[in-house]
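The residues making up each chain are set out below.
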Amino acid sequence: MTTIAIIGAGPGLGTAVARRFGREGFTVALIARDRERTEALAAELGREGVTARAFTADVRAPGALSAALDAASAALGPIEVLQYSPVPQRDFMLPVLETGPDELTGPIEFSVYGPVTAVRAVLPGMRELGRGTVLFVNGGTAVVPHPERTGTSLAFAAQSAYGHLLHDTLAADGIHVAQLVIPGAIVPGHPRKDPAVLADTLWRLHTERHGFRHFADDLDA
């Protein structure tokens, strides 16, 4: 079996994706900062028949993130799918005139250095497998910058550029890179933005393997 590593795994989208891929036979590596919560999610998934393990790392700590992905691969098998979907901190979203260089450090570490670290950690294993998928999940500011959310507007745009470069570069290696833009909040019960619906969308991005940028809903929704 191969593994999906979900970075930023939580009780909403991360757990829904774990269930969706778990139904298809994937083992699941849940990677997040909160050890106790992540272990509880892994236990919950285990009771549902999904093989899942918890690994602790902060995406702003490159060494810890690389170590967590290496440990996940050693424990569960090669990482075929990487999902990068941690939720940004509120203090990343300040008005543009209140945002200086110091206020951009966190967003850039979170949304640029973190993805670059993660991809570099899993890429050798994907190349050895001869296949792989990298899924970036972003908010609407990745596409339309918002003057009250400067940090994510800038950092998500940079992450989008990185993902697009990977999409074009890695296709020849059988590795598909895609971005799912979710405008606004994830909403249980919403026809397009319910966690389970989004998990189905991400599964399709993995299996259908066409195009880089996809939208969960209309940008003005």
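One can find the structure itself at the top, above this paragraph.
Residues numbered from 1 in each chain as written. Predicted model: local features only at pLDDT ≥ 70, side-chain atom pairs only at ≥ 80, totals over all residues. Heavy atoms only, no water.

**Digging into the packing of aromatic side chains**
Now for step 1: A complete count under the given rule lists five aromatic pairs for this structure.
Now for step 2: Geometrically, the ring pair formed by F21 and F26 is edge-to-face, given 5.4 Å between the ring centres and 80° between the ring planes. Just as F21 is buried, F26 falls in that class too.
Now for step 3: Note on F26 and W203: the rings are 6.2 Å apart at their centroids and 85° apart in plane angle, and the pair reads as edge-to-face. Here F26 is found in the loop between α1 (13-23) and β2 (27-32), whereas its partner W203 is found in helix α6 (residues 195-208), with 177 residues between them in sequence. As far as the burial class goes, F26 and W203 line up, both buried.
Now for step 4: Here the aromatic residues F21, F26 and W203 are joined through ring pairs into a cluster of three or more. (Phe/Tyr/Trp six-rings, centres within 6.5 Å; stacked < 30°, edge-to-face > 60°. Buried < 20%, exposed > 50% of the residue type's maximum accessible area, 1.4 Å probe, protein only. Helix = DSSP H or I, 4+ residues; strand = E, 2+ residues; numbered from the N terminus.)

**Regarding the pattern of salt bridges**
Now for step 1: Applying the stated rule across the entire model yields nine salt bridges.
Now for step 2: With a closest N to O distance of 2.8 Å, R60 and E109 form a salt bridge. With a gap of 49 residues between them, R60 in the loop between β3 (52-56) and α3 (62-76) and E109 in helix α4 (residues 101-129) connect regions that are remote in the sequence.
Now for step 3: Judged by its relative accessible area of 21%, E109 is partly exposed.
Now for step 4: E80 is paired through a salt bridge with R131; the nearest N and O atoms lie 3.2 Å apart. Residue E80 is located in strand β4 (residues 79-84), and its partner R131 is located in the loop between α4 and β5 (132-139); the two are separated by 51 residues in the primary sequence.
Now for step 5: One connected set of salt bridges, linked through shared partners, spans R19, E44 and E48. (Salt bridge = Lys/Arg side-chain N within 4 Å of Asp/Glu carboxyl O.)

**Re the pairing of β4**
Now for step 1: Burial within β4 is extensive, with six of its six residues counted as buried.
Now for step 2: Strand direction decides the pairing type here: strand β1 (residues 3-7) and β4, joined by five bridges, are parallel. Looking across to β4, one finds that T3 is bridged to I79.
Now for step 3: Direction of pairing for β4 relative to β5: parallel, over a ladder of four bridges. The residue of β5 that forms the bridge with L82 is V134. (Pairing = 2+ DSSP bridges.)

**With respect to the packing of α3 against α4**
Now for step 1: Remark: α3 packs on α4, axes separated minimally by 9 Å, with the N-to-C direction vectors making an angle of 35°. The crossing of α3 and α4 is right-handed. The residues of α4 that touch α3, namely those facing P62, L65, S66, L69 and D70, are G114, T117, A118, A121 and V122.
Now for step 2: For the contact of α3 with α4, the class distribution of residues is six nonpolar, three polar and one charged. (Axes fitted to C-alpha atoms, helices over the stretch in contact; angles between N-to-C directions. Left-handed = near helix turned anticlockwise from the far one by under 90°. Contact = heavy atoms within 4.5 Å. Nonpolar A, V, L, I, M, F, W, Y, C, P; charged D, E, K, R; others polar.)

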